[in-house]
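Structural overview for review
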Amino acid sequence: MKAARFHGRGDIRIEDVPEPAVRPGTVKVEVEWCGICGTDLHEYLEGPIFAPPADAPHPLTGETVPITLGHEFAGVVAELGEGVTDLRVGDRVVVEPYIICGRCDACTNGRYNVCQSLGFVGLSGMGGGFSQYVVAERRWIHPLGELGTDVGALVEPLAVAYHAVRLAGTRPDHTAVVYGAGPIGLVTTAALRAVGVEDVIVVEPAAVRKEKAAVAGAAHVLDPTSTDVVAEVMELTKGRGADVTFECAGVDVVLKTAIQSTRAGGTCVNVAIWGHEASVAMNDLVFREVNVLGSLAYADDHRPTIDLIARGKVDPHQFITGRIGLDDLVVGGFEELIRNKEENVKILVRPS
Ligand SMILES: [Zn+2]
Ligand SMILES: [Zn+2]
């Protein structure tokens, strides 16, 4: 089968690889749609970051580059491994793309998303969604029911957002501020609306993204280049500040603003992955007892995310800005996302 494999920085090749074989307890999924993630772009531009380099195999998969990419995918069940009896061939499913040890402190405490040996299908080995077939253990397969597999490919990024919203202890009567309206900021905005938060403020300078934030459900969109964001958030919240804030940019000044716009005793969640060490004025936290937490990926968030989509609480179609074939992955996918960063949210790839 054809697969898009990451060989090293700037080097992704469409190659022929052997089809994975189903094993007892696993499910073989024929991928229909796989989204390109910011993580994939980082790998392509600056990697290897997550992908294990030649001299450091992933501790669980033992694999190194070349690695098949793609971790935001959905498809149909092609074959069931021995012992899997609760699914049928042809069922539409999304794969939660984890590789975990199952034994470490995090794994045994339900925080398998921060496993000591954490890996992702599509970044650390075990194939990836930019190929025709993926085989995964039954526990990682989530049925989509009536939902289409294009929508299914958006479950993974929405689960990232849902996890952050859940970790923050967000309630429907809360006021939330989302910093950044790139793909993660947009799905976070949509996830907040999906769980019933009406008062969502988005902070974003780029015009195209501001419009997308409004479509995703922002009640207010603030431009940090022309507005004093902290003063404006205070104004909008009767001087209290926001109950929950989400840093989706990974920029020092944004983190500072996020913390300062959080209510006393409120929570600022960091969703961004940082390329450098942040500087934080600790007294901004201490004097107002603001909680700052990190949120990584998802754990037990796929099911509730699929339910929110099925109940019409969030429409993932708004995030699909392109559809391409596997052969066009580098030019029509990666290069397009790098060139037209603001116009695009998710480009979906059809591997076969
Ligand atoms: Zn992703
Ligand atoms: Zn573990």
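For every chain, the first residue of its written sequence is number 1, and the numbers climb from 1 along that sequence. Here chains are named by letter from A upward and ligands by number from 1 upward, in the order in which they appear as written. Since the coordinates come from a predicted model, pLDDT governs what is reported: local features require at least 70, and pairs of side-chain atoms require 80 or more to be given and counted, while whole-chain, interface and lining totals use all residues. Computation of side-chain values covers all heavy atoms of the structure but excludes hydrogens and water.

Here we look at the side chain of E247
For clarity, the cut-off: The helix and strand labels rest on DSSP assignments: H or I over at least four residues marks a helix, E over at least two residues marks a strand, and numbering proceeds from the N terminus. Under the rule applied, a polar contact is a pair of N or O atoms within 3.5 Å (in protein, one hydrogen donor and one hydrogen acceptor; residues adjacent in sequence only if both atoms are side-chain atoms). Note on contacts: a residue pair is in contact if any heavy atoms of the two residues lie within 4.5 Å.
On the secondary structure map, E247 appears in strand 14 (residues 242-247). A polar contact is formed between the side chain of E247 and the backbone nitrogen of G250, at a distance of 2.8 Å. Residues in contact with E247, not counting those within four places in the same chain, are Y179, V254, L255, A258, V269, N270, V271, A272 and W274.

Some thoughts on the nonpolar core
This is how it is decided: Buried Ala, Val, Leu, Ile, Met, Phe, Trp, Tyr and Cys residues that are joined via side-chain atoms within 4.5 Å together make up what is termed a nonpolar core. When accessible area is computed with a 1.4 Å probe and restricted to protein chains, residues below 20% of their type maximum are described as buried, those above 50% as exposed, and intermediate ones as partly exposed. Boundaries of every domain are those given by an automatic assignment or by a domain database.
Counting 92 residues, the largest nonpolar core has I36, F130, F246 and F334 as the members making the most contacts within it. The leading source of residues in this core is helix 4 (residues 155-167), at 8 residues. Summarising the domain contributions, this core has at least three residues from each of domain 1 (2-143 + 316-350) and domain 2 (161-294). The next biggest cluster of nonpolar side chains, apart from the first, holds 15 residues, and it includes I201, L222, C268 and L285.

Brief notes about the layout of surface pockets
Condition: Grid points spaced at 1 Å and placed over the protein atoms alone form the basis of the search, with a cavity being a set where a 1.4 Å probe fits but cannot get out and a pocket an open set showing protein on both sides within 12 Å along at least five of seven lines. Lining residues have an atom within 4 Å of a point. Grid points are joined across faces, edges and corners, and a volume is the space filled by probe spheres set on the points. Gly counts as polar in this scheme, as do all residues outside two lists: the nonpolar Ala, Val, Leu, Ile, Met, Phe, Trp, Tyr, Cys and Pro, and the charged Asp, Glu, Lys and Arg.
Here the second largest pocket is characterised by a volume of approximately 280 Å³. Lining the second largest pocket we find 17 residues, and of these P20, E63, T68, M126 and G127 sit closest to its centre. Elements with a contribution of two residues or more to the lining of the second largest pocket: strand 4 (67-68) and strand 9 (133-137). Considering only residue class, the lining of the second largest pocket consists of 9 nonpolar, 5 polar and 3 charged.

Quick look at the coordination of the zinc ion (ligand 1)
The line we're drawing: Each metal's donors are the N, O and S atoms found within 2.8 Å of it, except that Na, K and Ca use a 3.2 Å limit; water is left out, so coordination can look incomplete.
Looking at the metal site, the zinc ion (ligand 1) is ligated by C37 (SG), H71 (NE2) and E72 (OE), spaced 2.2 to 2.3 Å from it. Along the chain, the residues that donate to the zinc ion (ligand 1) are spaced as C-x33-H-E.

Comments concerning the UniProt feature "domain: Enoyl reductase (ER)" (unreviewed entry) in the chain
Applied cut-off: UniProt positions are given in the numbering used here, feature names are shortened, and annotations may be inferred rather than shown by experiment.
Under the feature "domain: Enoyl reductase (ER)" (unreviewed entry), the UniProt entry names residues 8-326. Taken end to end, residues 8-326 is 26% helix and 26% strand, and its first and last C-alpha atoms sit 19 Å apart.

Here's the deal with the sheet that holds strand 15 (residues 262-270)
To keep it simple, the criterion reads: Between any two strands, pairing holds if DSSP finds at least two bridges. With axes taken as lines fitted to C-alpha atoms, and helix axes fitted only over the stretch in contact, angles between N-to-C directions fall between 0 and 180 degrees.
As summarised here, the arrangement of the 6 strands in space is 13-12-11-14-15-16, forming an open sheet in which the pairing is parallel. Only two strands of the sheet have a single neighbouring strand rather than two, namely strand 13 (220-222) and strand 16 (291-294). Neighbour-to-neighbour, the strand axes of the sheet open up by a mean angle of 20°, direction not taken into account. Here strand 14 runs beside strand 15; their pairing, made up of 5 bridges, is parallel. Its bridge partner lying in strand 15, F246 is registered against V269.

Considerations on the side chain of T245
Mapped onto the elements, T245 comes out in strand 14. A relative accessible area of 0% means that T245 is categorised as buried. Not counting chain neighbours up to four residues away, the residues in contact with T245 comprise V177, Y179, A258, S261, T262, T267, C268 and V269.

Observations regarding the coordination of the zinc ion (ligand 2)
Note the cut-off: Four donors are marked tetrahedral only if all angles between them lie between 85 and 135 degrees, whereas four are marked square planar and six octahedral if opposite donors are more than 155 degrees apart and the other angles lie between 65 and 115; the remainder are marked irregular.
Protein coordination at the zinc ion (ligand 2): the donors are C101 (SG), C104 (SG), C107 (SG) and C115 (SG), at 2.3 to 2.4 Å from the metal. Around the zinc ion (ligand 2), the 4 donor atoms are arranged such that angles at the metal cover 103 to 119°; this shape is classified as tetrahedral. Written as a sequence motif, the donor residues of the zinc ion (ligand 2) are C-x2-C-x2-C-x7-C.

So, the packing of helix 4 against helix 5 (residues 183-194)
Each pair of packed helices gets described by two things: the angle between the helix axes and the distance between those axes. The criterion, for reference: Working rule for angles: under 35 degrees goes down as roughly parallel, over 145 as roughly antiparallel, 65 to 115 as roughly perpendicular, anything else as oblique. Two helices cross in a left-handed way if the nearer one is turned anticlockwise from the farther one by less than a right angle. They cross in a right-handed way if the turn is clockwise.
Axis separation between helix 4 and helix 5 bottoms out at 8 Å; the angle between their running directions is 60°. Classified by the interaxial angle, the pair formed by helix 4 and helix 5 is oblique. For the pair helix 4 and helix 5, the sense of crossing is right-handed. Taken together, the residues of helix 5 that come into contact with helix 4 (itself represented by P157, L158, V160, A161, Y162 and V165) are I184, V187, T188, A191 and L192. Here the contact of helix 4 with helix 5 is composed, by residue class, of 10 nonpolar, 1 polar and no charged.

As for the sheet that holds strand 1 (residues 2-8)
Ordered by their spatial adjacency, 3 strands build an open sheet running 2-1-4, and the pairing between neighbours is antiparallel. Across the chains shown, the open sheet's two edge strands, defined by having one partner strand only, are strand 2 (11-16) and strand 4. Judged from the 2 bridges that link them, strand 1 and strand 4 form a sheet pairing that is antiparallel. The residue bridging R5 from the neighbouring strand is T68, located in strand 4.

Section: the packing of aromatic side chains
To keep things clear, this is the line we draw: Aromatic pairs are defined between Phe, Tyr and Trp rings, using the six-membered ring for Trp, whenever the two ring centres lie within 6.5 Å; interplanar angles under 30 degrees are classed as stacked, those over 60 as edge-to-face, and all others as tilted.
A full pass over the atoms with the stated rule returns 7 aromatic pairs. Centre to centre, the rings of Y98 and Y112 are 5.3 Å apart; their planes meet at 90°, and the pair counts as edge-to-face. Taken as a pair, Y98 in strand 7 (residues 98-99) and Y112 in the loop between helix 2 (105-108) and strand 8 (119-120) lie far apart in primary sequence, 14 residues in all. When sorted by exposure, Y98 lands in the same class as Y112, which is buried. For the pair Y98 and Y298, a centre-to-centre distance of 5.1 Å together with 55° between the ring planes defines the contact as tilted. In this pair, Y98 sits in strand 7 while Y298 sits in the loop between strand 16 and helix 10 (302-310), placing the two residues 200 residues apart along the sequence. Of the two residues, Y98 and Y298, neither departs from the other in class, the shared state being buried.

Focus on the domain arrangement of the chain
Counted only if it meets this: The term buried area refers to how much accessible surface (probe radius 1.4 Å) is lost by two components on association, counted for both of them together. What makes a salt bridge here is a side-chain nitrogen of Lys or Arg within 4 Å of a carboxyl oxygen of Asp or Glu, nothing more.
Parsing the chain into structural domains produces domain 1 (2-143 + 316-350) and domain 2 (161-294). Summed over both partners, the interface of domain 1 with domain 2 buries about 860 Å², with 66% contributed by carbon and sulfur atoms. When the area that domain 1 buries against domain 2 is broken down by residue, the three leading residues are F319, E342 and V345, summing to 52%. Where domain 1 touches domain 2, the interface holds 0 salt bridges. Linking domain 1 to domain 2 there are 2 residue pairs in polar contact (both at pLDDT 80 or more). Residue composition of the side of domain 1 that touches domain 2, grouped by class: 2 nonpolar, 3 polar and 3 charged.

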